[in-house]
Structure formats: structure tokens, C-alpha cells
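The residues making up each chain are set out below.
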Amino acid sequence: MNKPITLVVGALLCCGVSFAQENKKQETHIKEDSVKVETVVPKQVDSLIDGKSAEVKAITPVSDSTALMVYEDHKQAADIDQKWLDELYSNSLFDTIYKSVTELTYEDVDYPELPTDTLKARLKELNARTPFNIEYNPSLENVIKSYLKNRRESLDRLMSLSEYYFPLFETTLDSYNLPLEMKYLAIVESALKPKAKSRVGATGLWQFMFATGKMYGLNVSSYVDERSDPIKSTEAASKYLAKLYEIFGDWDLALAAYNSGPGNVSKAIRRSGGYQNYWNIRPFLPRETAGYVPAFFATMYIFEYAEEHGFNRIKPEFHYIETDTIHVKQMITLDQISEVLDLPIEELQFLNPSYKLDIIPYIKDENYTLRLPMHAVGRFVANEKDIYAYAQEEFDKREKPLPQFFESDVKITYRVRSGDYLGKIARKYGVRVSQIKQWNGLRSNNLRIGQRLSIYPRKPVFTNPPAQKAAVKTVEVEGKQTYLVQQGDTLWGISKKFPGISVQNIKDWNGISGTQLKVGMKLIVSN
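Remember, it's a predicted structure, so these values are computed and weren't measured experimentally. (Residues numbered from 1 in each chain as written. Predicted model: local features only at pLDDT ≥ 70, side-chain atom pairs only at ≥ 80, totals over all residues. Heavy atoms only, no water.)

### With respect to the nonpolar core
Among the nonpolar cores identified, the biggest contains 72 residues, and Phe169, Tyr258 and Phe296 are the most heavily contacted of them. Beyond its immediate sequence surroundings of up to four residues, phenylalanine 296 is in contact with Phe132, Glu181, Met182, Tyr184, Leu185, Val188 and Leu255. Of all hydrophobic cores here, the second largest spans 39 residues; its members include Val224, Leu341, Ile506 and Ile512. (Core = buried A, V, L, I, M, F, W, Y, C linked by side-chain atoms within 4.5 Å. Buried < 20%, exposed > 50% of the residue type's maximum accessible area, 1.4 Å probe, protein only. Contact = heavy atoms within 4.5 Å.)

Here is the structure:
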């Protein structure tokens, strides 16, 4: 079955991103003796009625992350640099790969920093220590020099991203007795984007088509696409590559077959008169495959000799070994996990890319897992019962969602409301935070209530039926029990301090529409 036309380190072209941002460390504590109860008349909260603001108190724009931590176990580790996460979610690097492979040229490139004799010596050394047939030829030299001359910035970013994925790849490749250098194939295929999708529908780090993925155990459903799961897709790719090597007995031909399918390689062998060396059959392969193996060799050379070419590997803020998985015991959303564990939603999406709608389903006989940074695993496990209860409470409040589909070329205008933040809006319309910022020329994550955003929806959006406008209620506060908000408080945490009081009760009694609180606020906590 043909493997799709895919991508190349050519993908290495796109937007730069700065990784330097100071790590923030924050530790909050919720103590029973911090509950302060007093009888006061709280300030009325702003509300929007018929487009008019009731004058009382300004609503602070909500930043693009959950603000406060609910549980404690280990100290909060440094936050993932937001700009780094924007780069992780950007598909722009991947989007250029197909064009780059199919239009790969072999014209002479002036790059005196790499003399031909030096390159020949290094390729000979690389050939000696790998099972691939890495021969010097002018075409490969020009591809390598072109990458070094024109794609240094993209290569820098890929080297940083590889620090997260390569340990995972190497472990699986080794278990199947495959060359560890095969890890560079994922760069050529997807530019290390787990949700990368080609123009013909191949998906994931290793670019599996739907049928080929199913054949190698990668399931796809409305909720889950295991082609985007780094571990499962790497295992499937290893099985596929092992089978291709068993068929051809040559790693170069196995690579070509991975890209274009075994049938195209066998045709090229016939048309060449029976040659079985990649460079001899290359003129008879499809155009994209003819450039595929040179792109793989060029990538391997540059990564193996990165230090000699002056690349500074910027390490990511966390590594694969600093994460762990938890088997979920009931349906839960990444948004709910983000709120109770105080983790940026973008971080959870990066660690759990196979969940298409940011929902982790619970299905009998299926072992769906949640991957978390190590520092958050203990907090989840220690408070597992309460977290699932909170998730169920949230689900029970929702009306049955109705899917609403948007064409990708339709632009909508969204008006920012109290409680909105970029991550929340991005999830609603199936787009990335970086895209919303790009479409609207935003330089930060801050939003203003009433601000209008242009959005091009990409995915199904689940919305509730329009509710009728509720009459404004005046709350009689005399004699009511109130609570003074402390550092580290959340609505859910406060509700647990007062038996029989729910988060929705607190919202209704205080006219709160979002989830963010300000230290010093006085909340009514009794009816």
C-alpha cells in the first residue's frame, strides 16, 4: 500500500521564534485556616446589558493561561516558554515540505565554508558507520550546501525540537533493531509536527495514510487519531520500515519505498534494467522520491556534523523523560485538566496530540492515557477522585453539544467577552493561538472585552443552542455569608470549602461569568 507523498527537511524554512523568556516559578497554598468569613456588601460586578456596561468595577482582561493552582504535590516547575510553544504548534515549517521535495534542485551552490574535499571525507566516515549507502556525488553536495546556506534558522529550530522527540524515537528503533539514524526520517516526513497533514491526507510525525495506519495498528475515530501519537506512530513506522527492509534487503530502497510505496520502487528496478542501487534507479523513481533520499542524507549529515558547522542546539524547556502518563478512568477534557492543575492548555495539547477535540474519551478495553509533565503527575494522582468528580460535574451542566461545521475559507468576526482568552477561543474554532494572533496583528495574549477578532474556523465547533437572555437579578447581600479571596484560590477550590455550594452557585450569586478571581474580592457564599 503506497505511503503518501510527504515532506522534507525542506520544511525547514519558516518563521523564527525566540526561545528566551525568563522561567517563572509560582507556588500557591490553600489552607483551611485561611478562610475568612465576614458580612459585607460586596461591590456589584460589571455586566453587559443591551450593549451597555453597568458601572461598578473594571474587568481585567484574562491572559492566555489559567491563573491559579488548585492542588499541591511538588513545586511548580518553570512554565514552558510561550514563544517556544507557538513554534511547536506552528505548521508553517511543515507546509513547505512537499513543494520543497518536488522542486528540489541540484544547481551549484557557492558555500566556501564547506570545501568539497572536507565533505567527501565526512561522507565517507558517515558511510562507514551507518548501514546506508552514502556516496559523494555533486547532487548531494549541492543539497547539503543549499540547506546550510539558506536554512540555518529552520535547522536551529528543528535541532531544538529533536531534543524532545529523538530519545523516544531511538528507544523504539532500537527495540526493532533498526538503524538509529532512521530518526532523521521524521524530520523529512513531518518537520517533527505530530499533527502535520499532507495534501493527500497523510498524518503525523511519520505521515501515515488512513489505510496504512490501520494496517499497522493506528486507530482513527472522531476523538482520537493515533497517527498523531508519537509513541504509537513511531512503533508503527518501525514495523513498516522493518518489513520494507525484509522485502528489499537495502535501507536506501526501504527509504524510497516508505515514501512512494514498494510498487514504484520495483517498477524503477525493472526500468533500470535490474539495478538495485538507489542512485542507479533514481532517474526512474517519481520526482518527489528522487529528491527524498538526498534530503534524508543531507539532513543526517547536517545533524551529525552540527557542531562543525557552528549550530548551537537550544534545548527545549522540558524533555520527554520529564513526562509520564496516566490511564484515564473517565472522560475528561484537556481544558478541565488545565484548570485544576494550572497548566497551559498549549502544553497539554503538545503532550497529547492524538486527541482531535482535546477530549480524552473513556472506552471499555481501550487504554487512553494522559501525558503530563512529571511535576504535575503527583498532583493529579493525589487528587484523582476530586478531579474526576469536577469533570463529571462540568459535563452534567452542559447541554448536549451540537456540531456546527464551517468552511475553511469563511471568515467570522468574534467579539471578546468576559472570561475569554486566546486559548479558549482557539479551541472553540479549531485553530491555533498563533493563527489568531497573526490574523489580527496581536503581539501579546492580552484581550479587551468587546474587542473584535477575525477568525477563519478550521474544525467542527461544538456550540450550545442560543439561550434566551436572562433577567438581571439583584442579590440581597445583607446577612449573607461572604468569603475574601486569597492568593491561590479558584472558584472550584472555594466551593469545596463550603459544603453544598457549587461553582455555579458562586457565579450566580456574584454575577461572575468567567473563572478568574482577584485577590481581595469578596464573594457571597450563601443564599
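### Comments concerning the packing of helix 9 (residues 230–248) against helix 10 (residues 251–260)
Where helix 9 contacts helix 10, the two axes come as close as 8 Å, and the packing angle between them is 125 degrees. Relative to helix 10, the element helix 9 lies oblique. Here helix 9 runs over helix 10; the crossing is right-handed. Between helix 9 and helix 10, the contacting residues are Ala237, Tyr240, Leu241, Leu244, Tyr245 and Phe248 on the first element and Trp251, Leu253, Ala254, Ala257 and Tyr258 on the second. Class assignment for the residues of the contact of helix 9 with helix 10 results in 11 nonpolar, no polar and no charged. (Axes fitted to C-alpha atoms, helices over the stretch in contact; angles between N-to-C directions. Helix = DSSP H or I, 4+ residues; strand = E, 2+ residues; numbered from the N terminus. Parallel < 35°, antiparallel > 145°, perpendicular 65-115°, else oblique. Left-handed = near helix turned anticlockwise from the far one by under 90°. Nonpolar A, V, L, I, M, F, W, Y, C, P; charged D, E, K, R; others polar.)

### Regarding the pattern of salt bridges
For the coordinates displayed, the defined rule picks out 10 salt bridges. Here glutamate 125 ties to arginine 129 by a salt bridge, and the two come within 2.8 Å at their closest N and O atoms. Of this pair, glutamate 125 and arginine 129 are both found in helix 4 (residues 116–129), 4 residues apart, which corresponds to roughly one turn of the helix. Assessed through its relative accessible area of 40%, arginine 129 is described here as partly exposed. Between glutamate 153 and arginine 157 there is a salt bridge, with the nearest N and O atoms lying 3.5 Å from each other. (Salt bridge = Lys/Arg side-chain N within 4 Å of Asp/Glu carboxyl O.)

### Considering the side chain of threonine 323
Relative to the helices and strands, threonine 323 is located in strand 4 (residues 323–327). Residue class for threonine 323 comes out buried when judged on its relative accessible area of 7%. Side-chain polar atoms of threonine 323 contact the backbone oxygen of tyrosine 320, separated by 2.7 Å. In this structure the side chain of threonine 323 is engaged in a polar contact, spanning 2.9 Å, whose partner is the side chain of arginine 371. (Polar contact = N/O pair within 3.5 Å; in protein donor to acceptor, adjacent residues only side chain to side chain.)

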